[in-house]
Amino acid sequence: MAGQTVSMKEPVCLIENDSDGKLCVVRSALGILDQIDQHVVVVSVVGLYRTGKSYLMNKLAGEKKGFALGATIQSKTKGIWMWCVPHPEKRDHTLVLLDTEGLGDVEKGDEKNDNWIFSLAVLLSSTLVYNSMGTIDNNALEKLQYPSAEESILSYSLNQPAVYCVVTETQEELSEVHAVMEKEAVAIFINNSFKDEDQKYQLELMKVLQEAYDKICERNYKESQKSCESKIQCIFDPLEEKIRAGSYMTPGGYKEYCNDLKLATSEYRSEGGRGVKAEEVLNEYLGRKASIGEAILSADQSLTEAEQRAEAEQAKREASERENRAMEEQLVVQERLRADQQRTYEENVNQLMERIERDSRNAIAEHDRVLQARLKEQNDLLRQGFDDRAHQMQREIDALKGAKAQEEEKKPSFMSTALDTVGTAAALFLPGIIPKVGGMVVNWLSKLF
């Protein structure tokens, strides 16, 4: 079955800027994509404005017109435009062409928007075409580094649960989800980045992901607070009604009040969906009720003076126990957050070490490959009697051997420098970490030899 394709007469806008300048998806364009029941090949073109990107995409579509062409220095394409056409060679594939807003438009002057357009093009594409009227300059190469970090962050954001809508019962639950998504995000960055000298962009990624996690935790705290307050209002409402009616201001009323309070507290604690601030919110609520309990106790004429003093002491002990439970609850959360920071640091370091080791291994393998080729060529020259040329080649062979030795020698110091850089910088936004430079380098080297 070839499946269902879509053949559009003309392009439509897929990504546009809303009234606030933020990028948003055009729903009607998504509807077109939903109709496709085939494999898709997505080709995006990016580059500076007025460099002929739209003309190139029209050619790929096999049409003379379609994507807007500009005859002035002004950029005609805004956002990202989409054109779905049948694949020219594969009948069971649909070709999705994406023409992007030109980068560096002087009238627009928004580099942040340029970076997001560039990053989205990378994320959406099977093939990315960087269109340039000359050689690709250093600025273009620098921009090509950004999508790896942006892609990592976007992957993390899209995969995080909507914790602000569904309260997690414990910080550990949220932490576990964060760990999985963070590991994936770091892997995307590590596997796709290049020229990340001094780990500048990896540190930026660590910082942004930590900030994103902090915001998610804060949302989770707020949702937990709202959920707990709602449950307290519902569960303690009968008790509140009896207080307002003065039902407890009678002989024996204090014991009835304490019994109702304990039953409601027990019911509240048995409820699910309270989240990480369950005891804190309960403690705050019951703290506000302390003066009411004292008033009921004072009014209960069935109790002797000694009994009233005993009941007051019991109330203080219970309040202290609640306070301790609330503090322990928050200590567990804070300890988990510190553990998360340490795990973040170690996850980044481990993946960085793997990348350094892999790059070094590949470099040594390349040295070996070239060296073997040169040795074979030297032997061929010797067999053919070209002794002078063979001796001249020996200098090149010696240089290759020296380069290989240097590659092997610099690995430990390079690992140590990278770890020291990451540990020192990361400690600024991950105060809970304990960098372990020396030990980790030794541990990694023991794995390699």
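Let me begin by describing the structure that accompanies this report. None of the values given here were measured: they were computed from a predicted structure.

## Comments concerning the pairing of strand β1 (residues 12-17)
Sheet topology places β1 next to strand β4 (residues 80-86); three bridges connect them, and they run antiparallel. The residue of β4 that forms the bridge with C13 is W81. Strand direction decides the pairing type here: β1 and strand β2 (residues 23-25), joined by three bridges, are antiparallel. Bridging across to β2, N17 finds its partner in L23. Remark: five residues form the turn of the hairpin made by β1 and β2, two consecutive strands paired antiparallel; G21 in that turn has positive phi of roughly 85°.

## Structural notes on the nonpolar core
Among the nonpolar cores identified, the biggest contains 27 residues, and M8, M82, W83, C84, L97 and L98 are the most heavily contacted of them. Elements with a minimum of two residues in this core: β1, α1 (27-34), β3 (39-47), α2 (53-61), β4, β5 (93-100) and α3 (111-124). Looking at this core, the element that brings in the most residues is β4, giving five residues. M82 has contacts with M8, P11, V12, L14, A29, I32, L33, F67, V96, L97 and L98, leaving out every residue within four places of it along the chain. Of all hydrophobic cores here, the second largest spans 20 residues; its members include Y248, C258, V281 and L297.

## Thoughts on the packing of helix α12 (residues 305-383) against helix α13 (residues 387-429)
Relative orientation of the contacting elements α12 and α13 amounts to 175°, with a least axis distance of 9 Å. By the angle class used here, α12 and α13 are roughly antiparallel. Its residues placed into classes, the contact of α12 with α13 shows 22 nonpolar, five polar and 12 charged.

## A short note on α2
Of the residues making up α2, those classed as buried are K53, S54, M57, N58 and A61. Axial view of α2: buried residues confined to an arc of 135°, hence all on one face. Where the residues of α2 are buried, they touch β3, β4, β5 and β6 (127-131). At the C-terminal side of α2, G62 shows a positive phi close to 75°.

## Overview of the sheet that holds β6
On the basis of which strands lie adjacent, the open sheet formed by six strands has the order β2-β1-β4-β5-β3-β6 and mixed pairing. Looking at which strands have only one partner, the edges of the open sheet turn out to be β2 and β6. Each adjacent strand pair in this sheet contributes to an overall mean axis angle of 25°, direction not counted. As paired strands, β4 and β5 are joined by seven bridges and run antiparallel to one another. When the bridges of β5 are listed, W81 appears paired with D99. Along the sheet face, α1 touches β1, β2 and β4 and points at about 140° away from the line of β1. With respect to the sheet, α2 is in contact with β3, β4, β5 and β6, its orientation differing from that of β5 by roughly 170°.

Reading guide: rules and limits
Sequence positions are assigned chain by chain, starting from 1 and proceeding in written order. Owing to the predicted nature of the model, reporting of local features is limited to residues with pLDDT of at least 70; listing and counting of side-chain atom pairs is limited to 80 or more, with chain, interface and lining totals taken over all residues. Side-chain numbers here rest on the full set of heavy atoms in the structure, without hydrogens or water. Two strands form a pair only when DSSP identifies at least two bridges running between them. Helix numbering and strand numbering both begin at the N terminus, where a helix is a DSSP run of H or I of at least 4 residues and a strand a DSSP run of E of at least 2. For the purposes of this section, nonpolar cores are sets of buried Ala, Val, Leu, Ile, Met, Phe, Trp, Tyr and Cys residues that join through side-chain atoms within 4.5 Å. Type-normalised accessible area, obtained with a 1.4 Å probe on protein chains alone, sets the label of each residue: buried when under 20%, exposed when over 50%, and partly exposed for intermediate values. Contacts between residues were defined by any pair of non-hydrogen atoms, one from each residue, lying within 4.5 Å. In this description, a line fitted to the C-alpha atoms serves as the axis of each element, helices being fitted only across the stretch in contact, and the angle between N-to-C directions of two axes falls anywhere from 0 to 180 degrees. These descriptions rest on fixed angle ranges, namely under 35 degrees for roughly parallel, over 145 for roughly antiparallel, 65 to 115 for roughly perpendicular, and the rest for oblique. Side-chain classes are defined by residue name, with Ala, Val, Leu, Ile, Met, Phe, Trp, Tyr, Cys and Pro counting as nonpolar, Asp, Glu, Lys and Arg as charged, and the others, Gly among them, as polar. Here the arc refers to the directions that run from the helix axis out to each C-beta atom.

In short, geometric facts, not functional conclusions.
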